Amino acid sequence: MCRFRFRYSQYKKKILKTGVFVNELEENILKIKKIKKLDFIQLHGTENPFYCEKLFKKGLKLIKCFRIDNFFSFEKIVDYIPFCTYFLFDSNTIYYGGSGKKFCWKKLHEYTFQVPFFLSGGIGIQDFDEIKNFSHSKMFGIDVNSKFEVFPGKKDNVKLNVFMKKIRKL
């Protein structure tokens, strides 16, 4: 499975194209990266550190997703650190993303590693004040999806633009 996301980089002032993959074969990721000219590969499945290392050694920039709940230990991600540009912390549900469920963001205060992360998991327009008041030195950005969709894969552009304008003012 592959989806595409576009991320705005404040540093390069350009949109970065990200392919979102769930337990995909390495050769398919490499093929799609080349065809679609992806800047980042987001791994949203059960990919292990050895798999990430293989992709990293082929020059891919990785965002690895971890599914967070109250029992999650950040020690589980230590072996991924050398190979990932960013982490993405999402809700631990039976689905691979897009569940619309939020996890307790207080859990992120246990995160002490140097890899920056994206906050994800059921973030909607109603969460703006909570996001504004959440602070973590390694939070790089916010990943929004299902709460801004009319149906899977189709965004509500009006709602998304309102939210993005508010976020950019922070």
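Residues numbered from 1 in each chain as written. Predicted model: local features only at pLDDT ≥ 70, side-chain atom pairs only at ≥ 80, totals over all residues. Heavy atoms only, no water.

**Side note on the overall build of the protein**
1) Next: Each helix and strand in the protein was counted, giving 4 helices and 9 strands.
2) Next: Against the globule reference of 15 Å for 170 residues, the protein gives a C-alpha radius of gyration of 15 Å, in line with a compact fold.
3) Next: Taking all 170 residues of the protein together, the buried fraction comes to 43%.
4) Next: Within the protein, contacts between residues at least 6 apart in sequence are counted, and of these 50% link residues at least 24 apart.
5) Next: About 9800 Å² of surface is accessible on the protein, with carbon and sulfur atoms providing 55% of the total.
6) Next: Distance between charge centroids for the protein: 8 Å, based on 33 positive and 17 negative side chains. (Helix = DSSP H or I, 4+ residues; strand = E, 2+ residues; numbered from the N terminus. Rg over C-alpha atoms; globule rule 2.2 N^0.38 Å. Buried < 20%, exposed > 50% of the residue type's maximum accessible area, 1.4 Å probe, protein only. Contact = heavy atoms within 4.5 Å. Areas by Shrake-Rupley, 256 points an atom, 1.4 Å probe, with all protein chains shown as cover. Lys, Arg positive; Asp, Glu negative; His and termini not counted. Charge placed at Lys NZ, Arg CZ, Asp CG, Glu CD.)

**Re the packing of aromatic side chains**
1) Next: Considering all chains together, one arrives at 19 aromatic pairs under this definition.
2) Next: Each ring, one from Trp105 and one from Phe134, has its centre 5.9 Å from the other, and the planes form 70°; the classification is edge-to-face. Residue Trp105 is located in the loop between β5 (86–91) and β6 (117–119), and its partner Phe134 is located in the loop between α3 (128–133) and β7 (139–142); the two are separated by 29 residues in the primary sequence.
3) Next: The class for Phe134 is buried, based on a relative accessible area of 12%.
4) Next: Among the aromatic residues, ring-to-ring pairing joins Phe66, Phe72, Phe74, Tyr80, Phe87, Phe89, Tyr111, Phe113 and Phe117 into one connected group.
5) Next: Directly above the aromatic system of Phe40 lies the positively charged group of Lys61, at a separation of 5.9 Å from the ring centroid.
6) Next: Against the face of Phe66 rests Lys64, its NZ or CZ located 5.4 Å from the ring centre. (Phe/Tyr/Trp six-rings, centres within 6.5 Å; stacked < 30°, edge-to-face > 60°. Lys NZ or Arg CZ within 6 Å of the ring centre and 35° of its normal.)

**Quick notes on the side chain of Ser120**
1) Next: With respect to the element layout, Ser120 can be found in the loop between β6 and α3.
2) Next: Polar side-chain contacts of Ser120 include one of 3.1 Å to the side chain of Asp143.
3) Next: Non-local contacts of Ser120, meaning those with residues more than four positions away in its chain, are made with Leu88, Phe89, Asp90, Phe103 and Asp143. (Polar contact = N/O pair within 3.5 Å; in protein donor to acceptor, adjacent residues only side chain to side chain.)

**Brief notes about the pairing of strand β3 (residues 40–43)**
1) Next: Burial along β3 is two-sided: Phe40 and Gln42 facing one way and Ile41 and Leu43 facing the other are all buried.
2) Next: The parallel pair β3 and strand β4 (residues 62–68) is bridged by helix α2 (residues 49–57), and the resulting crossover is right-handed. (Right-handed = clockwise from strand over helix to strand, strands pointing away.)

**Section: the confidence of the model for the protein**
1) Next: Here the protein averages 87 in pLDDT, and 90% of its residues register 70 or above.
2) Next: Within the protein, the element-level pLDDT minimum falls on strand β1 (residues 2–9), averaging 47, and the maximum on α2, averaging 98.
3) Next: Low pLDDT, under 50, characterises residues 6–11; the stretch is placed with 19 contacts to residues that sit more than four places away or in other chains. (pLDDT = per-residue confidence, 0-100.)

**Description of the pattern of salt bridges**
Pairs may arise between side chains of opposite charge once their charged atoms sit close together.
1) Next: All told, the structure shown has 7 salt bridges when counted by the stated rule.
2) Next: Across the pair Glu110 and Lys107 runs a salt bridge whose closest N-O atoms are separated by 2.9 Å.
3) Next: Under the relative-accessibility criterion, Lys107 is labelled buried at 10%.
4) Next: Among the ionic contacts, a cluster of salt bridges with common partners joins Glu26, Lys54 and Lys58. (Salt bridge = Lys/Arg side-chain N within 4 Å of Asp/Glu carboxyl O.)

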